Amino acid sequence: MGIKGFQGTSMLDFPGRIASLIFWGGCNLTCPFCHNPALVLDPEGWPDLDRDTLLADLAGRASFIDGVVVTGGEPTLDPALGDWLAAVKSLGLAVKLDTNGLRPDVLAELLERRLVDSLAIDLKTSPGRYGQLHAGPVAPDGLVASVRLALAAPVAVEFRTTCVPGLVDEPDLRALGELIRGAPRWALQQYHPAVALAPEWREITPYPPAKMASLAAVAGEYAGEVVVKGL
Ligand code: SF4
């Protein structure tokens, strides 16, 4: 479990801000639609970036970036994540964390230490279907706990769902909607099959825009703001 990738400057994925993106290797899921299969399936195939060197690089950028986006893979699997983020925060940079929400213990610690300013939690399908996202068993209880933590935390929160046909349809959105009812923002993402982790999932035809719009209307019954991305 280490830092495998770094993009120095990006305006993506940290709304209204200029950020550096940092990619962790490894994950506790193997979602068949995952867009970063190399980081998930073969994290050791990528060299670990030196954390002190990376901090020095961030320090040099601190005058023109607002923060860092911590993504992966699944960053919360890294036991050293909190201490490294504390060093990032000491540079005066904001931190956005992307997570699948299955490590609520880690999330609780990061929030308690005020190491996260913005949080994006993936909601992949109905909690009862999370077993379809991994070869081994997946208990969705962690996701439920993370959602509760996020909704109570004094940080910006976005929930995100990639609308994969066969995995996400109206009943799944309603199950998730009940979980996050009252959330400030829910992003529905179009499915882009070309780089999916599982070869057979590269053959799935994405939903047409009209279907995405109808799913957004459903999501709008539960969240304050719904955005559709990637059409
Ligand atoms: S989509 Fe996210 S949670 Fe799923 S395998 Fe990929 S990195 Fe892990």
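Residues numbered from 1 in each chain as written. Predicted model: local features only at pLDDT ≥ 70, side-chain atom pairs only at ≥ 80, totals over all residues. Heavy atoms only, no water.

### Some points on the side chain of glutamine 190
Then, in step 1: Mapped onto the elements of the fold, glutamine 190 is located in strand E7 (residues 183-190).
Then, in step 2: Separated by 2.8 Å, the side chain of glutamine 190 and the backbone oxygen of tyrosine 207 make a polar contact.
Then, in step 3: Discounting chain neighbours no more than four positions away, the residues touching glutamine 190 are Thr162, Cys163, Pro206, Tyr207, Met212, Lys229, Gly230 and Leu231. (Helix = DSSP H or I, 4+ residues; strand = E, 2+ residues; numbered from the N terminus. Polar contact = N/O pair within 3.5 Å; in protein donor to acceptor, adjacent residues only side chain to side chain. Contact = heavy atoms within 4.5 Å.)

### Some words on the site of the ligand
Then, in step 1: In the vicinity of the ligand, the contacting residues are Cys27, Leu29, Thr30, Cys31, Cys34, Val40, Gly73, Asn100 and Lys124.
Then, in step 2: Of the residues that constitute the shell around the ligand, the class distribution is 5 nonpolar, 3 polar and 1 charged. (Near = heavy atom within 4 Å. Nonpolar A, V, L, I, M, F, W, Y, C, P; charged D, E, K, R; others polar.)

### What to know about the pattern of salt bridges
Then, in step 1: Inspection of the entire model under this criterion finds 19 salt bridges.
Then, in step 2: In this structure, arginine 113 and aspartate 83 form a salt bridge, with 3.0 Å as the shortest nitrogen-oxygen distance. Placement of the pair is arginine 113 in the loop between helix H4 (104-112) and strand E5 (118-122) and aspartate 83 in helix H3 (residues 81-89), with a sequence separation of 30 residues.
Then, in step 3: A relative accessible area of 54% means that aspartate 83 is categorised as exposed.
Then, in step 4: In this structure, lysine 211 and aspartate 169 form a salt bridge, with 2.7 Å as the shortest nitrogen-oxygen distance. Residue lysine 211 is found in helix H7 (residues 209-219), and its partner aspartate 169 is found in the loop between strand E6 (156-163) and helix H6 (170-180); the two are separated by 42 residues along the sequence.
Then, in step 5: Several salt bridges converge on common partners, so that one network encompasses Lys96, Asp98, Asp122, Lys124 and Arg160. (Salt bridge = Lys/Arg side-chain N within 4 Å of Asp/Glu carboxyl O. Buried < 20%, exposed > 50% of the residue type's maximum accessible area, 1.4 Å probe, protein only.)

### Things to note about the sheet that holds strand E3 (residues 67-71)
Then, in step 1: Taken together, the 8 strands give an open sheet; going across it, the order is E1-E2-E3-E4-E5-E6-E7-E8, and neighbouring strands pair in mixed fashion. Bordering the open sheet on either side are strand E1 (3-10) and strand E8 (223-229), each of which pairs with just one other strand. Adjacent strand axes in the sheet meet at a mean angle of 20° when their direction is disregarded.
Then, in step 2: Across 5 bridges, the pairing between E1 and strand E2 (residues 19-24) is antiparallel. Residue pairing across strands places glycine 5 opposite phenylalanine 23, the latter belonging to E2.
Then, in step 3: Relative to the sheet, H3 contacts E1, E2, E3 and strand E4 (94-99), its axis offset from that of E4 by approximately 150°.
Then, in step 4: Lying on the sheet, helix H5 (residues 141-152) is in contact with E5, E6 and E7; it crosses E5 at an angle near 155°. (Pairing = 2+ DSSP bridges. Axes fitted to C-alpha atoms, helices over the stretch in contact; angles between N-to-C directions.)

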